[in-house]
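These are the residues of each chain, in order.
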Amino acid sequence: MANKKDSFLDGIKAGIPISLGYFSVSFSFGIIAILSGLSIWQAAILSMTNLTSAGQVAGVGIMAASGSLIEMAISQFVINIRYSLMAISLSQKIDKKFPFLLRFFLSAGITDEIFGVAMGTKNSVGPRFLAGLIALPFIGWTSGTILGAIGGSFLPEYITNALAIGIFGMFIAIVIPEVKKSPPIAIVCAISVVLSCIFKFAPIFQNISSGFAYIISAVLATLFGVFAFKDANSTESSKEETHG
Amino acid sequence: MDNRLFFPLLIVMVLVTYLLRMLPFVLFRRKIENARVKRFFEYLPYAILSAMTIPSILFATSNMVSATLGLIAALILAYKGKNLLVVACAASLTVLTSDMIFAFLI
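What you see is a predicted model, and the numbers here were worked out from it, not measured in a lab. (Residues numbered from 1 in each chain as written. Chains lettered and ligands numbered in written order. Predicted model: local features only at pLDDT ≥ 70, side-chain atom pairs only at ≥ 80, totals over all residues. Heavy atoms only, no water.)

Peer 1: I'm lost on the overall build of chain A in this one. Help?
Peer 2: Within chain A one finds 12 helices and 0 strands. Moving toward the C terminus, one meets the helices and strands of chain A in the order α-α-α-α-α-α-α-α-α-α-α-α. Over its C-alpha atoms chain A spans a radius of gyration of 19 Å, differing by no more than 12% from the 18 Å that the globule rule assigns to 244 residues. Based on the C-alpha atoms only, the size of chain A along its principal axes is roughly 60 × 50 × 30 Å. Across the 244 residues of chain A, 55% fall into the buried class. (Helix = DSSP H or I, 4+ residues; strand = E, 2+ residues; numbered from the N terminus. Rg over C-alpha atoms; globule rule 2.2 N^0.38 Å. Buried < 20%, exposed > 50% of the residue type's maximum accessible area, 1.4 Å probe, protein only.)

Have a look at this one:
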C-alpha cells in the first residue's frame, strides 16, 4: 500500500459513498433554495460554485432576506473557516510532487467528507486520486440540487416538507457522534442551541437576521468552551474533523 | 430571485468560501500549535451546525408537530450511530408519515 500509484480510478471508487449521500442531501437543499425564491438554474450555479451544505443553507437564507454583502461575507467566513483547517491538514498529507497549479484548482473540492476520506487513506494524496475523489461527489451534489429544485417546483407540499428536513437530519448526524465522544463539544453545542433559540424567540432580537444569529451563537458558545475547558486535551484534531 | 440581488451575493459567497479553502492549501506548511486556537476550530463547526439546526428545523416544514417528530427520530438514529444518509431519510420519512396521519385524522 505504501508505494501505491496515484490513481484517478481509486479516487472515483472512494468517492462513491460520498456522492450518494450528497445526492440525497442536495435534493433537500434544492427544495430549500426554491422555497427561498431562487430559480432552478440559480440553485444549480450556487451548488456548483460552493460545494458546501451549511454555508449554502445559510447563504440562501441571507439571499431570501435580501441581506447585505458584509453579512454574507462574515457568515460564510465563520461557517466555512473549518475548511481552512482541513486545507492545512491536507496540505501536509499530499504528494511532494503535487503540482502547484493543481492546488488552486483542487482546493475548491475540500469538503468535510472529502477531507475525511483523503486523510483516512494510507498513502500520501496525489492529484489524480484527489481529482477522482472530488469528481463524483461534485456531480452528485449538483445533480441532486437540480432535481430537488425541479421537484420543489411541482411536488405537493407534504412531500417537499418531508424532503426539506433531510439536510437538518444530516447536520444532526454530523454533530451527535462528536457530542457523544466529547463532553466539551456537547456543552458547547447545548449552549449554541440555547443562544440560537434566544435569538429566534426573544422580542428584542427580532431585527437580527438568522445568518448573524447563527454566527454569534456559535462563536460565543465556542469561546466559552475554549476558556471553560482549559485542560481538555484536543488530541488528533485532524481526526476529530473526519466526521461523515 | 432577481439576478441583481442574486449575483453580487453569490460572488461574495463563492470568493470567501474558495479563498478559505485555497489559501491554506497553497500556502501553509505548518500545523497550528496553539492549543486554544486549535480547540476553537475544533468546536466551532459543531456549534454552528447546532445553532443552524435548532430551532430552524421546527420551522422547516409547515407543521411544527411533524417537524418535532422528525427531529426526535433524527436524534435517536444519530445517537445510535447511523450514517448521514439513514438519519436524513428517517427524518424525512417521519415527517411524511406523521403529516399523512394528521391529514387523515383532521
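Alright, that's what it looks like, and here's the rest.
Peer 1: Where do I start with helix α3 (residues 64-79) of chain B in this structure?
Peer 2: An α-helix turns once per 3.6 residues; consequently, residues spaced three or four apart project the same way. Residues and elements named next belong to chain B. Taking 1.5 Å of rise per residue, 16 residues should cover 22 Å, and α3 covers 22 Å from first to last C-alpha, within 8% of that figure. Residues of α3 that are buried: Ser66, Ala67, Gly70, Leu71, Ala73, Ala74 and Ala78. Along the long axis of α3, the arc covered by the buried residues comes to 165°, so they all point the same way. The N-cap of α3, judged by a side-chain oxygen 2.9 Å from the amide nitrogen of valine 65 a few residues on, is asparagine 63. Note on α3: the residue one or two positions beyond its end, glycine 81, has a positive phi of about 85°. (Expected span 1.5 Å × (residues − 1). Arc of directions from axis to C-beta. Polar contact = N/O pair within 3.5 Å; in protein donor to acceptor, adjacent residues only side chain to side chain.)

Peer 1: Quick question: what am I supposed to make of the packing of aromatic side chains here?
Peer 2: To describe a pair of aromatic rings, one takes the distance between the centres and the angle between the planes. Residue and element names in this part refer to chain A. Summed over all chains, the structure comprises 9 aromatic pairs over all chains. Between phenylalanine 29 and tryptophan 141 the ring centres are 6.4 Å apart and the planes differ by 20°, which places this aromatic pair in the stacked class. Taken together, the positions of phenylalanine 29 in helix α1 (residues 8-35) and tryptophan 141 in helix α7 (residues 127-154) put the pair 112 residues apart, joining distant regions of the chain. Under the relative-accessibility criterion, tryptophan 141 is labelled buried at 3%. Ring centres of phenylalanine 168 and phenylalanine 171 lie 6.0 Å apart, and the angle between their planes is 90°; on these two criteria the pair is classed as edge-to-face. Taken together, the residues phenylalanine 168 and phenylalanine 171, both in helix α9 (residues 166-181) and 3 residues apart, mark about one turn of the helix. The residues phenylalanine 168 and phenylalanine 171 share a single accessibility class, namely buried. (Phe/Tyr/Trp six-rings, centres within 6.5 Å; stacked < 30°, edge-to-face > 60°.)

Peer 1: For this particular structure, what's the right way to read the pattern of salt bridges?
Peer 2: Once their charged atoms are close, side chains differing in charge can pair, the charge on each being opposite to the other. Residues and elements named next belong to chain A. What the rule picks out here adds up to 4 salt bridges over all chains. Between aspartate 112 and arginine 82 there is a salt bridge whose closest N-O contact spans 2.8 Å. Of this pair, aspartate 112 sits in helix α6 (residues 112-120) while arginine 82 sits in helix α4 (residues 69-93), placing them 30 residues apart in sequence. Under the relative-accessibility criterion, aspartate 112 is labelled buried at 5%. (Salt bridge = Lys/Arg side-chain N within 4 Å of Asp/Glu carboxyl O.)

Peer 1: Is there a simple way to think about the interface of chain B and chain A in this case?
Peer 2: Often, the extent of an interface is quoted as the loss of accessible area upon association of its parts. With 67 residues of chain B at the interface, the matching set in chain A holds 104 residues. Roughly 7,800 Å² is buried in total at the junction of chain B and chain A, and carbon and sulfur atoms are behind 75% of that figure. On the chain B side of the interface with chain A, the three residues burying the most area are Arg21(B), Phe25(B) and Tyr46(B), jointly 12% of the side's total. The tally of links between chain B and chain A comes to 19 residue pairs in polar contact (both at pLDDT 80 or more). (Contact = heavy atoms within 4.5 Å. Buried area = accessible area lost by both parts, 1.4 Å probe.)

Peer 1: Would you explain the nonpolar core in this entry?
Peer 2: In this structure, Leu46(A), Met63(A), Leu130(A), Ile167(A), Phe171(A), Phe25(B) and Met52(B) are the most contacted members of the largest nonpolar core, which totals 94 residues. The residues that make up this core include at least three from each of domain 1 (8-164) and domain 2 (182-235) of chain A. Among residues more than four places away in sequence, those in contact with Ile167(A) are Val25(A), Ser28(A), Phe29(A), Ile32(A), Ser53(A) and Val57(A). (Core = buried A, V, L, I, M, F, W, Y, C linked by side-chain atoms within 4.5 Å. Domains from an automatic or database assignment.)

Peer 1: Is there a simple way to explain the environment of Ala91(B) in this structure?
Peer 2: With respect to the helices and strands, Ala91(B) occurs in helix α4 (residues 84-105). Through-space distance from the C-alpha of Ala91(B) to that of Ala35(B) is 37 Å; in sequence the pair is 56 residues apart. The residues contacting Ala91(B), other than those within four sequence positions of it, are Ile165(A), Gly70(B) and Ala74(B).

Peer 1: What am I meant to see in a nonpolar patch on the surface here?
Peer 2: Taken together, the side chains of Ile11(B), Leu15(B), Leu19(B), Leu23(B), Leu27(B) and Phe28(B) define a hydrophobic patch exposed on the protein surface, amounting to about 550 Å² of accessible area. Relative to the helices and strands, Leu19(B) resides in helix α1 (residues 3-27). (Patch = residues over 30% accessible without salt bridge, like charges linked within 9 Å, V, L, I, M, F, W, Y side chains within 5 Å. Areas by Shrake-Rupley, 256 points an atom, 1.4 Å probe, with all protein chains shown as cover.)

Peer 1: What is the right way to look at the confidence of the model for chain A in this model?
Peer 2: Reading predicted coordinates in detail is not appropriate for stretches of low pLDDT. All names here are of chain A. The pLDDT averaged across chain A works out to 86; a share of 93% of its residues lies at or above 70. Mean pLDDT values over the elements of chain A span from 42, in helix α12 (residues 237-240), up to 97, in helix α2 (residues 40-50). The model gives residues 234-244 a pLDDT under 50, and that stretch makes 25 contacts with residues more than four places away or in other chains. (pLDDT = per-residue confidence, 0-100.)

Peer 1: In this structure, what is going on with the packing of α6(A) against α7(A)? I would like to understand it.
Peer 2: Helix packing for two helices is described by the angle between their axes and how far apart those axes are. Residues and elements named next belong to chain A. Following both chains from N to C, one finds α6 and α7 inclined at 150°, their axes separated by 11 Å at the closest point. In terms of crossing hand, the pair formed by α6 and α7 is right-handed. In this structure, α6 uses Ile114, Val117 and Ala118 to contact α7, whose residues at the interface are Leu130, Leu133, Ile134 and Pro137. Here the residues of the contact of α6 with α7 are counted per class, giving 7 nonpolar, no polar and no charged. (Axes fitted to C-alpha atoms, helices over the stretch in contact; angles between N-to-C directions. Left-handed = near helix turned anticlockwise from the far one by under 90°. Nonpolar A, V, L, I, M, F, W, Y, C, P; charged D, E, K, R; others polar.)

Peer 1: Sorry if this is basic, but what is going on with the side chain of Thr145(A) here?
Peer 2: Residue and element names in this part refer to chain A. By the element assignment, threonine 145 lies in helix α7. When its relative accessible area of 0% is taken as the criterion, threonine 145 is described as buried. A distance of 2.7 Å separates a polar atom in the side chain of threonine 145 from a polar atom in the side chain of serine 47. Look past the residues within four positions of threonine 145 in its chain and what remains in contact with it is Ser26, Phe27, Phe29, Gly30, Ala43, Ala44 and Ser47.

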